Amino acid sequence: MYNFSIEISDKIANSFEEKLKISSELGINNLEISDTIDGVALYEMTGEQHERIRDLLIDYGKRIVLLTTTLDVNDKTNLNLIFRRALVLNVKGIKICPKEDDDLSYAKKLSKSYGIPLLFENNSKTFIDNENVMQELIKDSETASLIFNPFEFVCMQRHPFFHVYYSSKIKNKISFLRITDGLYNVHDPIMLHHGCAEVKELASIMLSRSFDGYFSFTPYLPNMTLEQYKECISIFKNDLKKM
């Protein structure tokens, strides 16, 4: 069946364990987290703190499918620690946020050595703002893949499905589809089905191409509440039932 993943905001649940409980309430076992857990960066944790995170994942039957780090890619020591500790936690992918002139060779070397794919996400406020840059970032890596965020393309006055996905070369390298929506004129995020992000169309064509990645629910709305999470998930699941 379909794969769902979720990032629980700190405003809904402060502690890692609370986020695990909320994800259970929402019926999603695949987690997306930052590299700071309960106020401590993964690369700064003691062995006991790291082991506690692993134990909680086991106790609640969850797995981390996406870990996002904002570490500078030149911080080789801590980046190596991130990958090492992610391996112990059985993390399925690590998203990095490089600058345009960054040398990614070391990060890609770590990814290959540890067997944990690198992921890159489009963002209208960074240099990764179009499908050509996305393709360039992963072209020399067998395992690197992409996170496709339709709202960020809406913020650039582009149709995510017709202007970007349909004619792009990145179709087979997308591992996460963000379930987001927003408006063209004001670039504001809005509840699913009320904007211009063409999520339903994207999900439909991706599934027709045997997409086996994750439909990703994130706190993209300002001060997103638990009820808004539930509404967004319900709308999307109903869409899937009609495909």
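A.B. asks: Tell me what's going on with the sheet that holds strand 5 (residues 63-69), and back it up with residues and numbers.
C.D. replies: The 8 strands are arranged 1-2-5-6-7-8-9-10 in a closed barrel whose pairing can be described as parallel. In this sheet, neighbouring strand axes are inclined to one another by 30 degrees on average, regardless of whether the strands run parallel or antiparallel. In the sheet, strand 2 (residues 30-34) pairs with strand 5 via 5 bridges, with the strands oriented parallel. The residue of strand 5 that forms the bridge with Ser 34 is Thr 68.

A.B. asks: Now, about the side chain of Ser 23: what can you tell me, with residues and values included?
C.D. replies: Here Ser 23 lies in helix 1 (residues 16-26). There is a polar contact of 2.7 Å between the side chain of Ser 23 and the backbone oxygen of Leu 20. Beyond its immediate stretch of four places on either side in the chain, Ser 23 contacts Ile 6, Ile 28, Leu 31 and Lys 62.

A.B. asks: Help me get a handle on the pairing of strand 5, residues and values and all.
C.D. replies: Counted residue by residue, strand 5 has 6 buried out of 7 residues, so it is predominantly covered. Judged from the 3 bridges that link them, strand 5 and strand 6 (residues 94-96) form a sheet pairing that is parallel. Among the inter-strand pairings, Leu 67 is bridged to a residue of strand 6, identified as Ile 94. As for the winding sense of the linkage, the β-α-β connection from strand 5 through helix 3 (residues 76-88) to strand 6 is right-handed.

A.B. asks: How would you sum up the packing of helix 1 against helix 9 (residues 226-241)? Please name residues and give values.
C.D. replies: In the contact formed by helix 1 and helix 9, the axes pass within 11 Å of each other and the chain directions differ by 40 degrees. Considered as vectors, helix 1 and helix 9 are oriented oblique to each other. For the pair helix 1 and helix 9, the sense of crossing is right-handed. Side by side, helix 1 and helix 9 meet where Ile 22, Glu 25 and Leu 26 of the first sit next to Leu 226, Tyr 229, Lys 230 and Ile 233 of the second.

A.B. asks: With reference to specific residues and values, describe the environment of Asn 149.
C.D. replies: Within the element layout of this structure, Asn 149 appears in the loop between strand 8 (145-148) and helix 6 (150-154). For Asn 149 and Asn 122, which are 27 residues apart along the polypeptide, the C-alpha to C-alpha distance reads 6.3 Å. Not counting residues within four places of it along the chain, the set of residues in contact with Asn 149 comprises Glu 121, Asn 122, Arg 178 and Thr 180. A distance of 3.1 Å separates polar atoms of two side chains, one belonging to Asn 149 and the other to Thr 180.

Here is what the cut-offs are and how they apply
- Residues numbered from 1 in each chain as written.
- Predicted model: local features only at pLDDT ≥ 70, side-chain atom pairs only at ≥ 80, totals over all residues.
- Heavy atoms only, no water.
- Pairing = 2+ DSSP bridges.
- Helix = DSSP H or I, 4+ residues; strand = E, 2+ residues; numbered from the N terminus.
- Axes fitted to C-alpha atoms, helices over the stretch in contact; angles between N-to-C directions.
- Polar contact = N/O pair within 3.5 Å; in protein donor to acceptor, adjacent residues only side chain to side chain.
- Contact = heavy atoms within 4.5 Å.
- Buried < 20%, exposed > 50% of the residue type's maximum accessible area, 1.4 Å probe, protein only.
- Right-handed = clockwise from strand over helix to strand, strands pointing away.
- Parallel < 35°, antiparallel > 145°, perpendicular 65-115°, else oblique.
- Left-handed = near helix turned anticlockwise from the far one by under 90°.

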